[in-house]
Amino acid sequence: MAGQPPLTGIKVLEFAGLAPGPFAGLLLADAGASVLRIDRPPSQSSTPPAADLLTRRKRSIAVNLKDPAGVSLIRALVAQADVLIDPYRPGVLEKLGLGPADLCPLNGRLVYARLTGFRRDGRFASMAGHDINYLAVSGVLALLGRKGQPPTPPGNLLGDFAGGGAVLFQGILMALLARARTGRGQVVEANMVDGVSYLASFARFARRTPVWDRERGENLLDSGCPWYDAYETKDGRWMAVGALEPQFFAELVMGLGLAGQGWEDGRRYDRDQWPELRRVMEGVFKSKTRDEWERVFEGTDACCTPVYEYGEMEGGGRMEGDQRPAVALRATPCLAVWKNAADASHGQGKGIEGKGYDGYTLEPGHGGEETLKEWLDWSKGDQFDVSEGGLVLKNKAKL
């Protein structure tokens, strides 16, 4: 029988933000942590709650940080928390008296996790930026895109989520592990420039090898090679090809009906032949629909797979469409991404509505008083009250 999720009992304060900070909080919540988002009162916030859809299993309190009693409430919560997530630009929480120097002395076990876009000690530290900017100054954006085309940002997946939120989550877990040994928390600092650059370690090293030593879009793994690319099918859909090894490439050409034309031999390694091979493969792939090609290659080692779109996966017709936690823990599974998916064999515990395709907004203040009751046995009118739409600490509160 599966046990409780791995982070059960961990209390997390997440200052409201967008994308990377909330994603780190989501990962913690799905692993069983109790995550309380700290919002500004609606009258003081320029960001609508609907902008953050990464709210699964979280609750919220709205706190008036312009009121010293609101700051006092945060300080009182910090004294009982395990993790605090700061998603702001450098200096924002410090100006409020809520920086590490202010809060860490209140709780020696606190993991104070800070995430910025640019490095805190870099030349861009004081500047605003977004995912594309962090990729740009890390060197990674220059790697992405096709030959002769501008660098192509992959949405905000690589910076905000992979190099930002997921890396911060990793740092938090390491700090919690260290705390289990030392009994002390610490400040965790992540930034998307370093996070993305670290993720690109292989590509950076490969620049000094034949794998990635050419210009953007001319290399083995960046659309330069005809057997590592996506091809349009007869119905306007796509197949992804990744037949790098000779034995896999041999199965690919067999499935495409190109066996015996010399491509399996040294001809495919001749870069001068790549444009011709690409033209041949483009023509062949357009002769059948994606579903027809899927039937040709399913069960083979040709490394040729359909490119699914979320719209069709959500409909339930694709086995891979059921969304799951990122990793399966057999004994202490993370919580399932959707309500009916609880399955210990897949490392999934109790689920939630939405099937992993629907994001829900979290209105400021929703469920937060329940969390204060669970964490501290607080109730409104006794330990805290409401001022200008936000919670404030009452003077008589016993801390």
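Anything mentioned here points back to the structure above.
These figures come from a predicted structure and were not determined experimentally. (Residues numbered from 1 in each chain as written. Predicted model: local features only at pLDDT ≥ 70, side-chain atom pairs only at ≥ 80, totals over all residues. Heavy atoms only, no water.)

Colleague: Let's hear about the overall build of the protein: which residues, and what values?
Modeller: Looking only at helices and strands, one finds 13 helices and 11 strands in the protein. The buried share of the protein, reckoned over its 399 residues, is 43%. Summarising the internal contacts of the protein: among those between residues at least 6 apart in sequence, 62% fall at separations of at least 24. Considering the protein, the positive charge centre built from 48 side chains and the negative charge centre built from 50 side chains are found 5 Å apart. (Helix = DSSP H or I, 4+ residues; strand = E, 2+ residues; numbered from the N terminus. Buried < 20%, exposed > 50% of the residue type's maximum accessible area, 1.4 Å probe, protein only. Contact = heavy atoms within 4.5 Å. Lys, Arg positive; Asp, Glu negative; His and termini not counted. Charge placed at Lys NZ, Arg CZ, Asp CG, Glu CD.)

Colleague: Explain the environment of Cys225 to me, and be specific about the residues and the numbers.
Modeller: Examined against the element boundaries, Cys225 turns out to sit in the loop between helix H8 (201-206) and strand E7 (228-232). Through-space distance from the C-alpha of Cys225 to that of Glu264 is 15 Å; in sequence the pair is 39 residues apart. Excluding residues that lie within four positions of it along the chain, Cys225 makes contacts with Asn219, Leu220, Trp274 and Arg278.

Colleague: Mind laying out the state of the cysteines, listing which residues take part and the relevant values?
Modeller: A full pass over the atoms with the stated rule returns 0 disulfides. A disulfide-free cysteine, Cys303 has its sulfur positioned 8.9 Å from the sulfur of Cys304, the nearest such atom. Exposure remark for Cys303: the relative accessible area of 31% places this residue in the partly exposed category. (Disulfide = S-S within 2.5 Å.)

Colleague: Describe in detail helix H10 (residues 274-285), supporting the description with residues and values.
Modeller: Here H10 is 12 residues long and its end C-alpha atoms lie 16 Å apart, about the 16 Å a rise of 1.5 Å per residue gives. Within H10, the full set of buried residues consists of Trp274, Leu277, Arg278, Met281, Val284 and Phe285. Angularly, the buried residues of H10 cover 130° about the axis, an arc narrow enough to put them on a single face. Buried positions along H10 lie against E7, strand E8 (238-242), helix H9 (246-255), helix H11 (290-297) and strand E9 (304-306). (Expected span 1.5 Å × (residues − 1). Arc of directions from axis to C-beta.)

Colleague: Tell me about the packing of helix H1 (residues 20-30) against helix H6 (residues 157-182), and name the residues and values.
Modeller: Running from N to C, H1 and H6 cross one another at 45°; their axes reach a closest spacing of 8 Å. Compared by their axis directions, H1 and H6 come out oblique. Judged by the sense of rotation from one axis to the other, the crossing of H1 with H6 is right-handed. Taken together, the residues of H6 that come into contact with H1 (itself represented by Pro20, Phe23, Ala24, Leu27 and Leu28) are Asp160, Phe161, Gly164, Gly165, Ala166, Leu168, Phe169 and Ile172. (Axes fitted to C-alpha atoms, helices over the stretch in contact; angles between N-to-C directions. Parallel < 35°, antiparallel > 145°, perpendicular 65-115°, else oblique. Left-handed = near helix turned anticlockwise from the far one by under 90°.)

Colleague: Describe the pairing of strand E4 (residues 83-86), and please don't skip the residues or the numbers.
Modeller: Residues of E4 alternate between two faces, with Val83 and Ile85 on one and Leu84 and Asp86 on the opposite face, all of them buried. In this sheet, E4 lies alongside strand E1 (residues 11-15) in parallel orientation, the contact comprising 3 bridges. Within E4, the position partnered with Leu13 by the bridge is Leu84. Bridge count for E4 against strand E5 (residues 111-116) is 4 bridges, and the pairing is parallel. Looking across to E5, one finds that Asp86 is bridged to Arg114. (Pairing = 2+ DSSP bridges.)

Colleague: Any chance you could break down the sheet that holds E5 for me, citing the residues and the numbers?
Modeller: Reading across the sheet, the 6 strands line up as E3-E2-E1-E4-E5-E6 and stay open at both edges, with parallel pairing between neighbours. Every other strand in the sheet has two partners, leaving strand E3 (59-62) and strand E6 (187-191) as the edge strands with one partner each. Along the sheet, successive strands turn relative to each other by an average axial angle of 20°, direction set aside. Taken strand by strand, helix H13 (residues 368-376) contacts E1, strand E2 (34-39) and E3, and its axis lies near 100° from that of E3.

Colleague: Would you mind going over the packing of aromatic side chains in detail, with residue names and values included?
Modeller: Applying the stated criterion across every chain, the model contains 12 aromatic pairs. Here the aromatic rings of Tyr231 and Phe285 are separated by 5.2 Å at their centres, their planes lie at 15°, and the arrangement is stacked. Placement of the pair is Tyr231 in strand E7 and Phe285 in helix H10, with a sequence separation of 54 residues. Of the two residues, Tyr231 and Phe285, neither departs from the other in class, the shared state being buried. Its guanidinium or amino end placed over the ring of Trp227, Arg268 lies 4.6 Å from that ring's centre, counting from NZ or CZ. The ring of Trp293 carries Lys288 above its face, with NZ or CZ at 5.6 Å from the centroid. (Phe/Tyr/Trp six-rings, centres within 6.5 Å; stacked < 30°, edge-to-face > 60°. Lys NZ or Arg CZ within 6 Å of the ring centre and 35° of its normal.)

Colleague: An account of the pattern of salt bridges is needed here, citing residue identities and associated values.
Modeller: All chains considered together, the criterion is met by 23 salt bridges. Between Arg59 and Glu374 there is a salt bridge, with the nearest N and O atoms lying 3.1 Å from each other. With a gap of 315 residues between them, Arg59 in strand E3 and Glu374 in helix H13 connect regions that are remote in the sequence. Residue Arg59 is classed as partly exposed on the basis of its relative accessible area of 24%. Judged by its relative accessible area of 52%, Glu374 is exposed. The closest approach of N and O atoms between Arg279 and Glu276, which form a salt bridge, is 3.0 Å. With a gap of 3 residues between them, Arg279 and Glu276 both fall in helix H10, about one helical turn apart. (Salt bridge = Lys/Arg side-chain N within 4 Å of Asp/Glu carboxyl O.)

Colleague: Describe helix H5 (residues 131-138), with residues and values.
Modeller: Along H5, the residues classified as buried are Asp131, Tyr134, Leu135 and Ser138. Down the axis of H5, the smallest arc covering the buried residues is 100°, so these residues share one side. Those residues of H5 that are buried are in contact with H6 and helix H7 (192-199). Phi for Gly139, located one or two positions after H5, is positive at around 95°.

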